[in-house]
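# Chain and residue survey
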Amino acid sequence: MEESKRKRLQELARTIRCDIIKMLEAAGSGHPGGSLSAVEIVTALYFEVMRHDPQNPQWPDRDRLILSKGHACPVVYAALAEAGYFPKEELLTLRKFGSRLQGHPDRKKLPGLEASTGSLGQGLSIAAGIALGFKMDGKRNDVYCLMGDGELNEGQIWEAAMTASHYKLDNLCGIVDHNCLQIDGWTCEVKNMEPLVDKWKAFGWNVLEVDGHNIEEVVAAFRRFKHTHFKPTVIIAHTIKGKGVSFMEDNAAWHGKAPNREQAALALEELCGGCC
Amino acid sequence: MTMKLAENIYENVDQIPTRFGYGDGLLKLGEMDERVVVLGADLSSSLRVDLFRDAYPDRFIQTGIAEQDMMCLAAGLSLAGKIPFVSTYGVVCTGRAWDQLRTTVAYGNLNVKVGSGHGGISVGADGATHQALEDIAITRVIPGVTVIVPCDYHETVKATIAAAQIEGPVVIRFGREKVPVITTPETPFQVGKAEIYREGEDVTVVACGVMVYEALIAAELLAQEGISAQVINCHTVKPIDKETLIKAAQKTKAVVTAEEHQVMGGFGSAVAEVLSQNVPVPMRFVGVQDTFGQSGDPDVLMKAYGLKAENIVQAAKEVIKIKRGG
């Protein structure tokens with residue numbers, strides 16, 4: 001990757017992190033941990049990997065992202081606003097009455113959202129359905145699905161995993177935001193999912209592992225997905241919950257708690273020297 | 001004006017399962033609209049979707065025994081421009097996959113159709129596990145979902161075709177066993193429009209599904225005793241035809257509902273929600289009274305659980321008595 005492109009993506013990731021903190025502080029509730037862990041993944045998708053047009057959100061030839069871990073919507077809202085789907089000021093209406101930015105994604109309200117998600121475990125099936133529909137019509141669009149690692153507790157994920165490999169959905173790319181934490185603690189203690197890579201392989205998937213905070217690695221994995229045929233791809237992205245804010249990192253307490261004014265100021269100071 | 005119904009309702013009535021209507025409706029839809037796709041969960045012949053599968057193999061999606069996945073796959077297919085019909089047993093597609101129907105499909109206002117088979121106690125020998133008796137209640141409570149319970153084979157064909165023309169989620173409930181064919185291909189059918197199948201003055205019987213037939217028989221029995229009963233086929237449980245129901249209640253001032261379903265929260269409750277707020281009249285609910293079913297011959301079960309014409313007759317006499325201050 002060119003140095004300039006890498007820097008641009010890293011800068012976008014930093015802006016999105018700052019926006020997440022500002023939105024959540026304004027909202028007074030929400031999910032910072034799993035939003036911050038997915039920043040590089042979402043940045044790579046919206047600003048490097050996916051074909052999409054913020055001026056024409058319903059463009060038929062766009063690629064699709066299904067945010068299966070719907071509670072991480074702040075990271076997607078921030079990316080959509082940054083890309084130009086709606087005014088950035090609107091980010092501060094998150095979770096407020098009448099806002100298009102619902103606590104979990106509402107596809108009917110906000111342009112750029114493909115599905116209403118938040119009930120965990122359903123996104124991979126939705127994404128597989130879109131991918132299957134595209135295949136039936138001979139369309140070349142790709143479908144991405146961002147899942148949480150705690151979300152993999154849901155049985156429906158594995159139903160969808162079987163369906164996607166059965167139908168050889170090589171236009172489907174799942175991403176597991178593997179931050180190792182869920183509300184009740186470490187994922188391996190709540191319900192051990194290991195060996196995770198072997199599980200996906202056994203279900204017939206092409207499995208890639210990346211450092212989910214290394215934007216070059218993340219983009220490269222998406223490129224490899226595009227060159228994989230006859231099977232779906234899953235990217236296990238090793239991430240840190242709350243990434244970028246020292247007191248939130250690796251701390252399950254920040255799964256679903258918003259920073260207050262002082263904590264937000266501290267977080268923004270760490271992220272960008274309080275510049276934004 | 002009374003509707004044109006089949007001529008031989010009261011003797012030697014033809015009998016065809018409503019699920020055959022679903023299968024034949026899908027087959028017609030396959031030809032009418034190439035966006036229509038059908039999803040099956042290992043029950044293709046039971047739900048009669050094997051007809052569609054064999055005619056349009058490229059548009060049939062086998063999901064295996066994975067109904068939650070199937071509901072959301074359908075959601076995704078609708079987002080790719082398809083008109084998907086999810087087809088499985090009612091207890092499963094409206095029960096096991098309820099959250100998927102509610103949150104992904106209905107909240108997302110996606111164009112998914114649900115063919116909810118094996119509705120009611122007449123499923124028979126399979127017993128309570130497979131007898132959908134709560135499906136009307138748990139689907140009609142979801143905002144934006146259209147719920148249709150056709151009365152016979154022809155109406156199920158029409159409802160299936162009509163579902164594809166509605167934008168948004170639709171549930172069509174049908175049964176396993178042979179049931180009387182009381183309508184004809186020409187009998188009017190419009191989603192959301194209840195039809196008066198028989199005019200009457202003393203009591204109104206509002207029914208859906210196979211209970212429309214029982215209501216017609218009940219009206220005949222009541223006529224023999226000098227009681228004039230109006231019979232309404234209210235096939236669309238949601239959105240319900242308030243106008244027709246209110247007019248009927250204003251006219252007869254006594255109402256009986258009849259459904260092959262739990263009375264709590266079901267079809268009768270839907271009718272009562274309308275009438276109690278607009279024209280409160282004495283009501284009785286014929287249906288399964290807050291109990292699970294069991295194995296048995298369908299007709300034996302219908303009798304045992306109070307789902308026959310004589311139960312409607314009894315209920316009609318009770319509401320008329322109350323109306324007259326008894």
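Use the structure listed above.
Residues numbered from 1 in each chain as written. Chains lettered and ligands numbered in written order. Predicted model: local features only at pLDDT ≥ 70, side-chain atom pairs only at ≥ 80, totals over all residues. Heavy atoms only, no water.

Moving on to the environment of Val206 of chain B. Residues and elements named next belong to chain B. Mapped onto the elements, Val206 comes out in strand S10 (residues 203-207). Given the relative accessible area of 2%, Val206 is considered buried. Each C-alpha atom of the pair Val206 and Gln230 lies 8.3 Å from the other, and the pair is 24 residues apart in sequence. Excluding its chain neighbours within four sequence positions, the residues that come into contact with Val206 are Ile232, Cys234, Leu245, Val255, Val256, Thr257, Ala258, Phe267 and Val271. (Helix = DSSP H or I, 4+ residues; strand = E, 2+ residues; numbered from the N terminus. Buried < 20%, exposed > 50% of the residue type's maximum accessible area, 1.4 Å probe, protein only. Contact = heavy atoms within 4.5 Å.)

Before going further, it helps to examine the packing of aromatic side chains. For the structure on display, the rule yields nine aromatic pairs over all chains. The interplanar angle of 45° and the centroid separation of 5.1 Å between the aromatic rings of Phe52 of chain B and Tyr56 of chain B together place this pair among those described as tilted. Among the residues examined, Phe52 of chain B registers a relative accessible area of 0% and is labelled buried. Joined through ring pairs, the aromatic side chains of Trp158, Trp200, Phe203 and Trp205 of chain A make up one cluster. (Phe/Tyr/Trp six-rings, centres within 6.5 Å; stacked < 30°, edge-to-face > 60°.)

Looking now at the side chain of Lys241 of chain A. Residues and elements named next belong to chain A. Relative to the helices and strands, Lys241 is located in the loop between strand S7 (233-238) and helix H10 (261-272). With no salt bridge to any partner, buried Lys241 finds its closest opposite charge in Asp149, at an N-O distance of 6.4 Å. Among the polar contacts listed, one links the side chain of Lys241 to the backbone oxygen of Leu181, at a separation of 3.4 Å. Leaving out residues up to four positions away in the same chain, Lys241 has contacts with Gly33, Gly34, Ser37, Asn179, Leu181, Gln182, Met248, Glu249, Asp250 and His255. (Lys, Arg positive; Asp, Glu negative; His and termini not counted. Salt bridge = Lys/Arg side-chain N within 4 Å of Asp/Glu carboxyl O. Polar contact = N/O pair within 3.5 Å; in protein donor to acceptor, adjacent residues only side chain to side chain.)

A separate point is the packing of helix H3 (residues 39-49) of chain A against helix H4 (residues 73-83) of chain A. Residues and elements named next belong to chain A. Running from N to C, H3 and H4 point in directions that differ by 30°, and their axes come no closer than 10 Å. Between H3 and H4 lies a crossing of right-handed hand. In contact with Val39, Val42, Tyr46 and Phe47 of H3, H4 contributes Val75, Val76, Ala79, Leu80, Glu82 and Ala83. When its residues are assigned to classes, the contact of H3 with H4 shows nine nonpolar, no polar and one charged. (Axes fitted to C-alpha atoms, helices over the stretch in contact; angles between N-to-C directions. Left-handed = near helix turned anticlockwise from the far one by under 90°. Nonpolar A, V, L, I, M, F, W, Y, C, P; charged D, E, K, R; others polar.)

All names here are of chain A. Here S7 lies mainly inside the structure; five of its six residues are buried. Where strand S3 (residues 172-178) lies against S7, six bridges are found, and the strand directions are parallel. Counterpart to Cys173 in the pairing with S7 is Thr233. Here strand S6 (residues 206-211) runs beside S7; their pairing, made up of six bridges, is parallel. (Pairing = 2+ DSSP bridges.)

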